[in-house]
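Spelled out from the first residue to the last, the chains are:
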Amino acid sequence: MLTQDVQANIGKVLSFLRDWDRGDRTVRGRMLNTFLSQNSGKTFYELELEFAQVASLFLARVTTWMRLTYMFGTFLGLQLKAIGVFLSASSHDQYLVEFVDDGGVLTLLEILGHSKSKEEDKREALCLLITVSNAGRKYKEFICESNGVKVIAESLATSNTDHNQETARALFESLSHGNPKYHNQIYKGLIALMICSSPKAQQLVLFTLHIVQSKMKTAHHSIVEPLLNMLRSLHLEVQDAAIDLILLLKSYDVRLVLLSGLVALLGPSKENQHQNTEESEMTKMTGSLPMFVQQAAAAKTMRLLAEDSREVSQELLSLGVIPHLLFALGNRDHTDTQIQASLALQYFVRSYPPIEEHVRRVTGSTLYAALMDKPETLYMNMSETQADILLNNKLDIIMSRLRSVLEKGKRVGQEVVETAKPKRKKSETVVKDEETINASLSTYHNFSDPADVVRLRSHLLSWYDKEKRELPWRTLAVTESDLNIRTYAVWVSEIMLQQTQVATVIDYYNKWMKRWPTVQDLAAASLEEVNQMWAGLGYYSRGKRLHEGSQKVVSELKGQMPNTVDSLLKQLPGVGRYTAAAIGSIALGHVTGAVDGNVIRVLCRLRAIGADSTSPAVTEALWSLANKLVDPDRPGDFNQAMMELGARICTPKGPLCSQCPVQTHCRSYSKVHIKQEKISQKLLGKPGRKPSTLPDIEDCINIETCLLCPSEPWNDELGVQNFPRKPAKKPPRVERTLTCVVIRVGEGGEDEYLLTQRPNKGLLAGLWEFPSLLLEEKNSEVKQKRALCADISKLTGTNLTESLFQYVGEVVHIFSHIHQTYVVHSVCLKDSDAQTQNENAQWLTRSALQEAAVSTGVKKIVKLCDSVDEAKEQTFKDGKRKKLPDMKNDKKQPTSKKPKLSATNVGSRQLSLNSFFKTVKEESD
Ligand code: SF4
Ligand code: ZN
């Protein structure tokens, strides 16, 4: 039974709702005012008490009215405030749920996007959205899914009140604490906002981006250009926020693009002239000021970056920062540029002593002293002539000055320095820095123009899209949506492709993936099965490592394949720098270059790198080039395209330059053609004329000391194949191995062969082979035969003597580093004699032998035995003696001894395996 009070309250609420339903807008306006004055700040329970437990009926009415009338703005402010009373009523989220269900959030977003909405109504709407967003993850998701990010971003960009911009920013921040699934949406929304014209909004966007970026594992390349453009803002707070964000981005994959962009901003190149329309307007008003401001900010940013990380400072050096800083130093039109360039230059000179001499020679000793003493006031000491030297001589002149400085410095300076100064042993760091700098001073081996990089990507990828081969792992990498399976599939392909040709791998790959489609399937297989599957593919430890890796993934990583380049490298056995980068880019889309043999060749030719391609300096330069070139949107395709180019066009011998999609970027191609054109001009009697059609490219400026230039002279006959140079190959080790095919008749009457297992480590680890013994020169062959015979006797429990061994022939098998010759013998045992208990030995029938995990060498031995069989059978059939097939060392075959056929000695006559056993069986029957 309800009390009288309760009944009265219900009556009051029903009458209130009836008044609302029947009332016109004036009545409703009055009711809202009354509601606000009596209920603001109440909790859920207080509101429910006031409204007889049905307060949400009123909320629903206000929400609906707002949806219908927000476009006209009728009492919109009051409605928003009233809804605010409900949504902020603490301790319960019932009102929130109902508000969202009634379409309230969508209406708030519409209010924000409506051009006629008043700023104060937008502010209320933003505050309500913050309340909704702060209520929990599912509400944040709802806002994001309702196109909220775009609407809020537009509101932030177009609002002209600080309060609203600040509230929109707070809303973004709140949303960024939600489901990572939406981070990207928020992130990209913020990046799009960076070009907005309001400095306040720009600053807020940068703050929020900082927060969002730090939650993300990667950065999107589209952030780079607007961020660099923000450095030209005349509002220092915007510039500072942009610098802070750049400092954060140094740990992300866009670092190299960002660094090259910063270097380019120092001038004197076209890159520091890119500007959007708004900025062009600004430039009209303020002349070159924004560009100079940006130049100064770039110099400052680079100093801060370099001070923060030695790795980054070395990267800046390799991007040629020094001549660019020297250029900026000469900008007498902008004092701050000179100050910032001096500070940065001083930092680099102090940190990398080898630069000192070069900078001193370009600046002159007075200016240099000022630079090192008081960089902040150096601009005061700079004469017009000094500035002209730095400024008016474009970069190439500065570069050529540096070159002559280096060349002269090397000859003259050495003498002076060596006699004047006591000799000091250079520390390893200095030597390394010197190497970095020497390598970096030449842009010849680099891609310094970002536009050139973009064109190269586009040329290569267009070619790849048309010409690529359809390969099973490529198909899987595109069609497999399960990230774990995709990573596994690419891992398997990359391991199989290590040192094995694509054509050979395809079949093995298909069979493998059919049998073990997931990492869990592979982990459950036995090593024996894996070896069996791998048989014939070579480099057997690869299969074993895949197997080991799969078991590690299942037992230690909960079945989840590592999903970063770093973790792939650290956690999977057999995965090195290249393989991790290839899997990371192809399967996971990480933006990283991948340098394999094909890519080494292509890059060396593209940038005329002719030093030993295995040296540390070249290796690092190639990785740095690959990282710079890789397409940020299609890293996997780009890396595969480079490899495809190396495999099909830029081949080791006979490269097809006329069909090459990146020919216009290729330094070695230009070099060869300029040389050819010069020769033909000479022949035509026009020496000295400049080639007309091909650009005259500069040679490496530091050819004598450069760690990337060829140390051997150019060979005209080789053309582009002058690049790359490999170190002289070590000749393969020559080995001879005594092998004995031991045969018995099995219980079923079938021929059986004795196989022993190789050790678990080293060459052909864990594979099965015929009993063998490495021949050593110091021991006689007879002695070694005896030793092998003893081993076989032990294994089979028989009492063999080496005289029973029948010479069959020799088989040559070439491993990458061993030239192996198997000296093959055979011996037949009586079935009863031949038992073996050893777990590393087994008897296999011919069909089992074909399926077993044996090496190609063993297969070749079986083939040899078969060919001998056939020849012998033919001889017996013809009833006359025929010449045996051409086998090595035929002359060594024992022919003097007539065989005496018995179960234990079938031997001094050469018999085929089959006929041999037929004979034995006949005898033993
Ligand atoms: Fe290789 Fe010739 Fe292409 Fe240069 S132009 S990348 S050498 S195929
Ligand atoms: Zn060079």
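Procedures and definitions
Residues numbered from 1 in each chain as written. Chains lettered and ligands numbered in written order. Predicted model: local features only at pLDDT ≥ 70, side-chain atom pairs only at ≥ 80, totals over all residues. Heavy atoms only, no water. Axes fitted to C-alpha atoms, helices over the stretch in contact; angles between N-to-C directions. Helix = DSSP H or I, 4+ residues; strand = E, 2+ residues; numbered from the N terminus. Parallel < 35°, antiparallel > 145°, perpendicular 65-115°, else oblique. Left-handed = near helix turned anticlockwise from the far one by under 90°. Contact = heavy atoms within 4.5 Å. Nonpolar A, V, L, I, M, F, W, Y, C, P; charged D, E, K, R; others polar. pLDDT = per-residue confidence, 0-100. Near = heavy atom within 4 Å. 1 Å grid on protein atoms, 1.4 Å probe; cavity = no way out; pocket = protein on both sides within 12 Å on 5 of 7 lines; lining within 4 Å. Sits in = over half its atoms within 2 Å of the grid points. Points joined across faces, edges and corners; volume = space filled by probe spheres on them. Core = buried A, V, L, I, M, F, W, Y, C linked by side-chain atoms within 4.5 Å. Buried < 20%, exposed > 50% of the residue type's maximum accessible area, 1.4 Å probe, protein only. Pairing = 2+ DSSP bridges.

A word on the packing of helix α22 (residues 353–363) against helix α23 (residues 365–373)
Phase 1 of the analysis: For the pair α22 and α23, the least separation of the axes is 6 Å and the interaxial angle reads 125°. The orientation of α22 relative to α23 falls into the category oblique. Seen from above, α22 lies across α23 with right-handed handedness. Contacts between α22 and α23 involve Glu356, Val359, Arg360 and Thr363 from the former and Ser365, Leu367, Tyr368 and Leu371 from the latter.
Phase 2 of the analysis: Residues of the contact of α22 with α23, tallied by class, amount to four nonpolar, two polar and two charged.

Observations concerning the confidence of the model for the chain
Phase 1 of the analysis: In the predicted model, the chain carries a mean pLDDT of 81, and 82% of its residues have values of at least 70.
Phase 2 of the analysis: For the chain, helix α44 (residues 913–924) is the element with the lowest average pLDDT, namely 34, and helix α32 (residues 519–524) is the one with the highest, namely 97.
Phase 3 of the analysis: Confidence drops under a pLDDT of 50 for residues 393–441, and excluding neighbours within four residues, the segment shows 56 contacts in the predicted structure.
Phase 4 of the analysis: Per-residue pLDDT stays below 50 along residues 688–697; that stretch engages in 18 contacts with residues further than four places along the chain or on separate chains.

Let's talk about the site of ligand 1
Phase 1 of the analysis: Inspection of the region around ligand 1 gives Arg605, Ile649, Cys650, Cys657, Cys660, Gln663, Cys666, Tyr669 and Val720 as its neighbouring residues.
Phase 2 of the analysis: Of all the cavities here, the one that holds ligand 1 is the largest cavity.
Phase 3 of the analysis: Taken together, the residues that form the shell around ligand 1 break down as seven nonpolar, one polar and one charged.

Points about empty space enclosed by the protein
Phase 1 of the analysis: Counted according to the given criterion, the structure contains six cavities of 30 Å³ or more.
Phase 2 of the analysis: Taken together, 16 residues make up the lining of the largest cavity; nearest its centre are Arg605, Cys650, Cys657, Cys660 and Cys666.
Phase 3 of the analysis: Counting residues per element, the ones that place at least two in the lining of the largest cavity are α37 (597–606) and α40 (667–683).
Phase 4 of the analysis: For the lining of the largest cavity, the leading source of residues is α37, giving three residues.
Phase 5 of the analysis: Within the lining of the largest cavity, the residues separate by chemical class into 13 nonpolar, two polar and one charged.

Examining the nonpolar core
Phase 1 of the analysis: Among the nonpolar cores identified, the biggest contains 123 residues, and Val321 and Phe348 are the most heavily contacted of them.
Phase 2 of the analysis: No other element matches helix α5 (residues 76–87), which puts eight residues into this core.
Phase 3 of the analysis: Those residues in contact with Phe348 that lie beyond four places of it in its chain are Ala306, Ser313, Leu316, Leu317, Val321, Ile322, Leu325 and Ile355.
Phase 4 of the analysis: Within the second largest apolar cluster, 105 residues are counted, among which are Trp512, Leu537, Ala621 and Cys700.

Considering the pairing of strand β6 (residues 818–828)
On a regular strand, each side chain points to the face opposite its neighbour's, so the side chains alternate between the two faces of the sheet.
Phase 1 of the analysis: With ten of eleven residues buried, β6 lies mostly within the body of the structure.
Phase 2 of the analysis: With eleven bridges joining them, strand β1 (residues 733–745) and β6 adopt parallel strand pairing. Pairing of Arg733 across the sheet is with Ile818, part of β6.
Phase 3 of the analysis: Relative to β6, strand β5 (residues 806–814) runs antiparallel, the two sharing eight bridges. Pairing of Glu810 across the sheet is with Val823, part of β6.
Phase 4 of the analysis: Hairpin remark: β5 followed by β6, antiparallel, with three residues in the connecting loop.

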